[in-house]
Amino acid sequence: MATIRIDGGNPLFGEVTISGSKNGTLPLLAASLLIEGESVIENVPRIDDINSMIDMLRALGAKCEFIEHSVLSIDATHITSVSAPYDLVRKMRGSFYVAGALLGRFGEAEVPLPGGCVIGSRPVDFHLSGFRALGAVVEERHGVMQARAEKLTGSHMYMDSRYRSVGATVNVMLAAVLAEGVTVIENASREPEVICCQQFLQQAGADIRGTGTDIIVIRGVNKLHGCRFRSIPDRMEAGTFLLACGAARGDVTVRAVEPRHMGVVLNLLQRAGLRVESGADFVRAISDTRPHAFEVTTAPYPGFPTDLQPNAGVLGAVAVGTTVLQEAIFEGRFNYIDELKRMGANIQLKDSVAIIRGVPKLYGAPVEASDIRAGSALVLGGLAADGYTEVSGAEFLARGYEDLVGKLQKLGAAITSTQTAEDDKARNAWHR
Ligand code: EPU
């Protein structure tokens, strides 16, 4: 198990370059399965989840190779299997995206159902009803989804009204781009990560209209061609560093970002009393006093992202006054709270609402990460706290953040990580 150690209580100063988006890039890798030819994707973050997806593409027969540090070449001309290995789907739910791509290109896909995970139950029923609407016969047997279609045909569908699902929108879009006729997806997700996938597909020759709206119209084409495409910056990583600045104080500039993807986050930082400046591709946050308490509810884009709710919770934990956080997407997203309380946070949890009474200082403690975002919240807690914090389960952070420890060290944080021999072995394997 990897561990991160922090000697906290020091403000953060300096600049940090943000990597490509995890959740924006994973769909691009799956989408490349639709293409006979070479796809070159720039701004690919060097993180474990991307490596798991690369392993998945290779298991299906695609050739994948990093041709520069963050530039990945994928050639999916010769796919040898339409069955996704269970071990890879189990590792990372995002790999379920290969279902839509394989079904779209070959009319056939066998992908293990990803099951629940620590942040909530996370079913894939919307994905499956989308495939069915396109004419596929979808069965679930022994934990595996089997989807088959002689021919996929465009259809008009309304995605479930309870949520605007990122994953289902992407998966159905992947299945529909080569289908015959027109597909209309209503109540589609408008996240920047979904738009990124739409733009990649458009560049590869897909006919998709309504980009950025919640009604997407896809006119099926016969074939897609290889292209070169740049993935978007990771707004969650950028938000993490800005919220870290608020919790630990300091003056932090995140570079290579897309500020227009982050309006709601910048607004929250300002409401919490930070000074915020932004330009075409940077955001600077300055924090020299305790933040103010705030109220926020998570929501699909352009609302406040659930992925940054745990980090916002740390800001609230050290704020002056009482912060109210409501989680509306994943019921398990408050997993970090009991650990943060071990660091002196005063938090009461009632169903999906956390009432956080800010304290002047957190103190260091040994804590354990249960998922990527809970892990980053505990690192932020450690940066803001007096004394030593040890975050175990830090392998979750390597799934979603490129070189988090190195980037924080550059901002002056006293932070180190220890890897087990097994972690090192796994990491070396990805750099092939
Ligand atoms: N939902 C269903 N049925 C479905 C699909 C979704 O009930 O078939 C529900 C979910 O249970 C949830 C809500 O709809 O309550 C929204 O889920 P969504 O499908 O939008 O989430 P996702 O596609 O599984 C992606 C990100 C998550 C991020 C969410 C919300 C990827 C690989 N994952 O998940 O990222 O939290 O959207 O924005 O893009 C992370 O990066 O740490 C992470 C968990």
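### With respect to the overall build of the protein
- Within the protein, the secondary structure is distributed over 15 helices and 23 strands.
- Relative to the 2.2 N^0.38 estimate, which gives 22 Å for 432 residues, the radius of gyration of the protein is 21 Å and therefore close to what a compact globule would have.
- The burial tally for the protein puts 58% of its 432 residues in the buried class.
- The contacts in the protein between residues at least 6 apart in sequence include a share of 73% that link residues at least 24 apart.
- Summed over all atoms, the accessible surface of the protein reaches about 16600 Å², with 48% contributed by carbon and sulfur.
- Each charge sign in the protein was given a centre, from 43 positive and 49 negative side chains, and these centres are 2 Å apart.

### Side note on the domain arrangement of the protein
- In terms of domains, the protein is made up of domain 1 (3-19 + 233-420) and domain 2 (22-230).
- If you average the C-alpha positions of domain 1 and of domain 2, the two centres end up 30 Å apart.
- The partner domain 2 presents 23 residues to the 26 residues of domain 1 that form the contact.
- Carbon and sulfur atoms supply 49% of the area that domain 1 and domain 2 bury against each other, a total of about 1900 Å² over both sides.
- Along the contact surface separating domain 1 from domain 2 lie three salt bridges.
- With a closest N to O distance of 2.8 Å, E193 and R235 form a salt bridge.
- Among the elements of the structure, α12 (372-384) and α13 (395-400) are those that each provide at least two residues to the side of domain 1 that touches domain 2.
- For the side of domain 1 that touches domain 2, the leading source of residues is α13, giving four residues.
- When grouped by side-chain class, the residues that make up the side of domain 1 that touches domain 2 number 10 nonpolar, six polar and 10 charged.

### Looking at the site of the ligand
- Near the ligand there are 21 residues, and of these D125, S165, D307, I329 and R373 occur at the shortest range.
- Take N23: an N or O atom from its side chain is 3.0 Å from an oxygen atom of the ligand.
- Contact between the ligand and P123: an oxygen atom at 3.2 Å from a main-chain N or O atom of the residue.
- Here the element with the most residues in the shell around the ligand is helix α5 (residues 125-133); it accounts for three residues.
- Grouping the constituent residues of the shell around the ligand by class yields nine nonpolar, five polar and seven charged.
- Domain assignment of the residues forming the shell around the ligand places at least three in each of domain 1 (3-19 + 233-420) and domain 2 (22-230).

### What to know about the environment of Q198
- With respect to the helices and strands, the residue Q198 is situated in helix α7 (residues 192-203).
- Contact partners of Q198, with chain neighbours within four places excluded, come to M173, I208, T211, G212 and I216.

### Overview of the sheet that holds strand β9 (residues 156-158)
- On the basis of which strands lie adjacent, the open sheet formed by four strands has the order β9-β10-β12-β11 and mixed pairing. Each edge of the open sheet carries a strand with a single partner, namely β9 and β11 (207-209). The sheet shows a mean angle of 15 degrees between the axes of neighbouring strands, direction not considered.
- Bridging between β11 and strand β12 (residues 215-219) involves three bridges; their strand directions are antiparallel.

### Quick word on the pattern of salt bridges
- A complete count under the given rule lists 25 salt bridges for this structure.
- The salt bridge partner of R255 is E15, with a shortest N-O separation of 3.0 Å. Of this pair, R255 sits in strand β14 (residues 250-255) while E15 sits in strand β2 (residues 12-17), placing them 240 residues apart in sequence.
- With relative accessibility at 31%, the residue R255 sits in the partly exposed group.
- Overall, E15 belongs to the partly exposed group, its relative accessible area being 47%.

### Concerning the pairing of strand β4 (residues 63-68)
- Strand direction decides the pairing type here: β4 and strand β5 (residues 71-75), joined by five bridges, are antiparallel. Looking at β5, one finds that E65 is bridged to S73.

### Things to note about the packing of helix α1 (residues 22-31) against α7
- Look at α1 against α7: their axes get within 8 Å of each other, and the N-to-C directions meet at 30 degrees. With respect to their mutual orientation, α1 and α7 come out roughly parallel. The handedness of the crossing between α1 and α7 comes out as right-handed. Contact residues: N23, G24, P27, L28 and A31 in α1; E193, C196, C197, F200 and L201 in α7.
- Each residue belonging to the contact of α1 with α7 can be placed in one class, and the counts come to seven nonpolar, two polar and one charged.

### Focus on the sheet that holds strand β8 (residues 144-148)
- Taking strand neighbours across the sheet as the criterion, the three strands line up as β6-β8-β7 in an open arrangement whose pairing is antiparallel. Either end of the sheet is taken by a strand with one partner, and the two such strands are β6 (108-112) and β7 (137-141). Strand-to-strand twist across the sheet, computed as the mean angle between neighbouring axes with direction ignored, equals 15 degrees.
- Strands β6 and β8 of the sheet are contacted by helix α4 (residues 98-106), whose axis makes an angle of about 165 degrees with β6.

### Structural notes on the environment of G210
- Mapping G210 onto the fold places it in the loop between β11 and β12.
- Judged by its relative accessible area of 27%, G210 falls in the partly exposed class.
- Along the backbone, G210 and R190 are 20 residues apart, and their C-alpha atoms lie at a distance of 10.0 Å.

How each quantity is defined
- Residues numbered from 1 in each chain as written.
- Predicted model: local features only at pLDDT ≥ 70, side-chain atom pairs only at ≥ 80, totals over all residues.
- Heavy atoms only, no water.
- Helix = DSSP H or I, 4+ residues; strand = E, 2+ residues; numbered from the N terminus.
- Rg over C-alpha atoms; globule rule 2.2 N^0.38 Å.
- Buried < 20%, exposed > 50% of the residue type's maximum accessible area, 1.4 Å probe, protein only.
- Contact = heavy atoms within 4.5 Å.
- Areas by Shrake-Rupley, 256 points an atom, 1.4 Å probe, with all protein chains shown as cover.
- Lys, Arg positive; Asp, Glu negative; His and termini not counted.
- Charge placed at Lys NZ, Arg CZ, Asp CG, Glu CD.
- Domains from an automatic or database assignment.
- Buried area = accessible area lost by both parts, 1.4 Å probe.
- Salt bridge = Lys/Arg side-chain N within 4 Å of Asp/Glu carboxyl O.
- Nonpolar A, V, L, I, M, F, W, Y, C, P; charged D, E, K, R; others polar.
- Near = heavy atom within 4 Å.
- Polar contact = N/O pair within 3.5 Å; in protein donor to acceptor, adjacent residues only side chain to side chain.
- Pairing = 2+ DSSP bridges.
- Axes fitted to C-alpha atoms, helices over the stretch in contact; angles between N-to-C directions.
- Parallel < 35°, antiparallel > 145°, perpendicular 65-115°, else oblique.
- Left-handed = near helix turned anticlockwise from the far one by under 90°.

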